[in-house]
Amino acid sequence: QKCACEFLGVFVLVFTVVCQSLSGAAFGATSIACSLMVMIYATGPISGGHLNPAVSFALALSEKMKWSEVPVYWITQLMAGILAGFMACSLFTDTVDVAPKDTYSGWHAYLAETLYTFMLCFVVLNAAGSKRNNSPTDGNNFFALAIGFVIIAGGNAVGRVSGAAFNPAVAIGLDLSSHQKGVGNGFLWTLFELVGAGIAAAIYRDVRPEDYGNESDLDTYKPALLSKLLSEFLGVFFLVLTVGLNLCNGSAVTAWSAAAALMCMIYSLGDVSGAHFNPAVTLACMASGRDLINTFDGLAYMVVQVLAGVIAGCLYSVFHRSSLKETSPITLTPGDGFSIYQAGMAEFAATALLAYIVLSCATVAHAGSQKTKNSFYFALCIGSCVTAGGFAVGSVSGGELNPAVAAGIATASNVFQPGGLPAPMTSFVQLGLYELAGGLLGAVAFHATHAKQYVDV
């Protein structure tokens, strides 16, 4: 039964990838993400819904799967991927080859596959494998949604870099079914995907050491500050990296991709650090009281968040240098025809909404269920704010809604700026202050609408 589930799930996924790639239909990454999500929900209770040799590898390394089962899973997954690749290609007159895209070189593709396979496996481990986040006695029901949305984030970010496989069954299935164009890259992609999976398993142990301790202590476990800071770093890093890579590759759905990255990381790490991933949100949590976070931890969060944004900005600037938009500057400036005041007010309003939603959906008791104490909607609501705000005010201010994102874009534009044009850091300071002020407004609005939260405080 387990093998049948893995075979069917991978077959559907790879068949969707090939058909989507060759038909050129819109929202390709979303289509593939949906196929992965529904097949994980369908097969998860039986086989675990790995549907990816890299995921099986990460789970085994993390002691979430027996090593004796790994070869059987791998063989099943690879057979399904290869068969689906050939069958899907038979419907078209072309095939999908595995190779660096556009103007990128091999090492860009290898790095892209490593990074986003890491993200995929890390989300699987946290959303599906964690003893606290997905307890055997009270499991969450968002695990497959979180995993699927990694494909929306990564697919739009690096689809034009490596093809965004993030899965050896996809890479090898596409490589062999396009053998007329050459064979070999699929196996190279697999190597770097397994590296990403291995790094994810290693860092998972640092974020969730409680999984490897006494299970009787799980109910009272409180994450250490270092685990919280690592959680915040990872969340902001992948958010800013995803935003930057979308901008480098001329994506029309940057806000959607960024929202997906934010959502899946919040689902993964919400019970570790609170998954603020935004200095304005951290400030809102501090201002709202209720002992959500103390001043020292809050300031530490903000420093780490900005640092993560800066590092991610430096990394995506390397991709910008080799992208099709290498001659187009990506700067933190108001949109054409708008002043810094107009951009700042747009950021202020959208960030206030984001902070208010975080406080209202992630820091209060949720609308309960007889089946689970876990909230399903908190990260979906927060990510949806980024979708709404990003598309609504993106043409005015860029739609960052986050000083850490602004820091990443400002840094990247100084590391690589086409034509040597100066990249003003003043916009980062100005927009960052508007965003922090928006966080404070969100806390004020929360206090006004959720007065009962302060009755016993």
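Everything that follows concerns the structure shown earlier in this document.
From a predicted model like this one, the values you see are computed outputs, not experimental measurements.

## Focus: the overall build of the chain
Now for step 1: A count of helices and strands for the chain gives 16 helices and zero strands.
Now for step 2: Its C-alpha atoms give the chain principal-axis dimensions of about 60 × 60 × 30 Å.
Now for step 3: Across the chain, contacts joining residues at least 24 apart in sequence account for 79% of those joining residues at least 6 apart.
Now for step 4: Entry remark: accessible area of the chain is about 17900 Å², with carbon and sulfur atoms responsible for 65%.
Now for step 5: Here the chain contributes 18 positive and 26 negative side-chain charges, whose respective centroids are spaced 5 Å apart.

## Structural notes on the pattern of salt bridges
Now for step 1: For the structure on display, the rule yields eight salt bridges.
Now for step 2: Where Arg132 meets Asp271, a salt bridge forms, and the shortest distance between an N and an O atom there is 3.7 Å. Linking Arg132 in the loop between α5 (106–129) and α6 (143–158) with Asp271 in helix α10 (residues 254–273), this pair joins segments that are 139 residues apart in sequence.
Now for step 3: Two residues, Glu210 and Arg208, come together in a salt bridge whose shortest N-O distance is 3.5 Å.
Now for step 4: Taking relative accessible area as the criterion, Arg208 reaches 0% and is therefore assigned buried.

## Overview of the environment of Glu6
Now for step 1: Checked against the element boundaries, Glu6 lands in helix α1 (residues 2–23).
Now for step 2: Under the relative-accessibility criterion, Glu6 is labelled buried at 0%.
Now for step 3: It is 9.2 Å that separates the C-alpha atoms of Glu6 and Met39, two residues lying 33 residues apart in sequence.
Now for step 4: Setting aside residues no more than four positions away along its own chain, Glu6 makes contact with Ser47, Gly49, His50, Leu51, Asn52, Tyr73, Thr76 and Gln77.
Now for step 5: One polar contact links Glu6 to Ser47, side chain to side chain, over a distance of 2.7 Å.
Now for step 6: Within polar-contact distance, the side chain of Glu6 engages the backbone nitrogen of Leu51 at 2.8 Å.

## Structural notes on the packing of aromatic side chains
Now for step 1: For the structure on display, the rule yields 19 aromatic pairs.
Now for step 2: Their ring planes at 90° and their centres at 5.3 Å tell us that Phe237 and Phe238 sit as a pair that is edge-to-face. Here Phe237 matches Phe238 in class, with each residue buried.
Now for step 3: Taken together, the ring pairs in this structure connect Tyr116, Phe118, Phe122, Phe166, Phe233, Phe237 and Phe238 into an aromatic cluster.
Now for step 4: Seen from the ring of Tyr212, Lys64 lies directly overhead, with NZ or CZ sitting 5.8 Å from the centre.

## Some thoughts on the nonpolar core
Now for step 1: By size, the foremost hydrophobic cluster in this structure holds 136 residues, and its most contacted members are Tyr116, Met119, Phe122, Val158, Leu241 and Met265.
Now for step 2: Tallying contributions element by element places α5 first for this core, with 13 residues.

## Quick look at a nonpolar patch on the surface
Now for step 1: On the surface, Leu188, Leu191, Val195 and Ile199 cluster together into a nonpolar patch covering about 300 Å² of accessible area.
Now for step 2: Among the structural elements, Ile199 can be located in helix α8 (residues 185–207).
Now for step 3: By relative accessible area, which is 38% here, Ile199 ends up partly exposed.

## Re the environment of Ser323
Now for step 1: Relative to the helices and strands, Ser323 resides in the loop between α12 (295–320) and α13 (340–362).
Now for step 2: Note: C-alpha distance between Ser323 and Trp107 (216 residues apart in sequence) is 13 Å.
Now for step 3: Setting aside anything within four residues of it in sequence, one finds Ser323 in contact with Thr103, Tyr104, Cys248 and Asn249.
Now for step 4: Polar side-chain contacts of Ser323 include one of 3.0 Å to the backbone oxygen of His320.

## Thoughts on unusual backbone geometry
Now for step 1: One non-glycine residue, Leu51, lies in the positive phi region at around 55°.
Now for step 2: Relative to the helices and strands, Leu51 is located in the loop between α2 (28–47) and α3 (53–61).
Now for step 3: By relative accessible area, Leu51 is classed as buried at 0%.
Now for step 4: Phi is positive for Asp102, which is not a glycine, with a value near 50°.
Now for step 5: Examined against the element boundaries, Asp102 turns out to sit in the loop between α4 (70–89) and α5.

## Thoughts on the side chain of Ser177
Now for step 1: Considering the arrangement of structural elements, one finds Ser177 in helix α7 (residues 168–177).
Now for step 2: By relative accessible area, which is 3% here, Ser177 ends up buried.
Now for step 3: In this structure the side chain of Ser177 is engaged in a polar contact, spanning 2.8 Å, whose partner is the backbone oxygen of Gly173.
Now for step 4: One polar contact links the side chain of Ser177 to the main-chain carbonyl oxygen of Leu174, over a distance of 3.2 Å.

## Some points on the side chain of Glu400
Now for step 1: Mapped onto the fold, Glu400 is located in the loop between α14 (378–397) and α15 (403–415).
Now for step 2: Among buried Asp, Glu, Lys and Arg side chains, Glu400 stands out as unpaired, with Lys325 the closest opposite charge at 14 Å.
Now for step 3: Each residue touching Glu400, except ones within four places of it in the same chain, is listed here: Leu332, Glu347, Val405, Ala406, Ile409, Leu431 and Glu435.

## Looking at the packing of α12 against α15
Now for step 1: Between α12 and α15, whose axes approach to 7 Å, the crossing angle comes to 35°. For the pair α12 and α15, the crossing hand works out as right-handed. Contacts from Gln305, Val306, Gly309, Val310, Gly313, Cys314, Tyr316 and Ser317 of α12 reach α15 at Ala404, Ala407, Gly408, Ile409, Thr411, Ala412 and Val415.
Now for step 2: Grouping the constituent residues of the contact of α12 with α15 by class yields nine nonpolar, six polar and no charged.

What counts, and where the lines are drawn
Here the residue numbers are simple positions, counted from 1 along each chain's written sequence. Thresholds applied to this predicted model are a pLDDT of at least 70 for local features of residues and 80 or more for the giving and counting of side-chain atom pairs; totals over whole chains, interfaces and linings are not thresholded and use all residues. Excluded from the side-chain calculation are hydrogens and water; included are all heavy atoms of the structure. Helix and strand definitions here come from DSSP, where helices need a minimum of 4 consecutive H or I residues and strands a minimum of 2 consecutive E residues; each element is numbered from the N-terminal end. It only takes one pair of heavy atoms within 4.5 Å for two residues to be counted as in contact. Here the Shrake-Rupley method, with its probe set to 1.4 Å, supplies the accessible areas, and only the displayed protein chains count as covering residues. Counting rule applied: Lys, Arg positive; Asp, Glu negative; His and chain ends not counted. For charged residues, the charge sits on one atom: NZ in Lys, CZ in Arg, CG in Asp, CD in Glu. Basic side-chain nitrogens of Lys or Arg form a salt bridge, by our definition, when they fall within 4 Å of a carboxyl oxygen of Asp or Glu. Three exposure classes are used, based on accessible area relative to the maximum for each residue type with a 1.4 Å probe and protein chains only: buried under 20%, partly exposed in between, and exposed over 50%. By the criterion applied in these results, polar contacts are pairs of N or O atoms within 3.5 Å in which, for protein atoms, one can donate a hydrogen and the other can accept it, and in which residues neighboring in sequence qualify only through two side-chain atoms. Any Phe, Tyr or Trp ring, taking Trp's six-membered ring, that has another such ring centre within 6.5 Å forms a pair; planes under 30 degrees apart are called stacked, those over 60 apart edge-to-face, and the others tilted. Definition used: whenever NZ (Lys) or CZ (Arg) falls within 6 Å of the ring centre and also within 35 degrees of the ring normal, the charge is taken to sit over that ring. By nonpolar core we mean a set of buried residues, namely Ala, Val, Leu, Ile, Met, Phe, Trp, Tyr and Cys, connected to one another through side-chain atoms within 4.5 Å. Patch definition: residues with relative accessible area over 30% and no salt bridge; like charges joined within 9 Å; nonpolar side chains (Val, Leu, Ile, Met, Phe, Trp, Tyr) joined within 5 Å. An axis is simply a line fitted to the C-alpha atoms; with a helix, the fit covers only the stretch in contact. Between two such axes, the angle follows the N-to-C directions and lies from 0 to 180 degrees. Handedness of each helix crossing follows the sense of rotation of the near helix against the far helix: counterclockwise by less than a right angle gives left-handed, clockwise gives right-handed. Any residue that is not Ala, Val, Leu, Ile, Met, Phe, Trp, Tyr, Cys, Pro, Asp, Glu, Lys or Arg is counted as polar, Gly included; the first ten are nonpolar and the last four charged.

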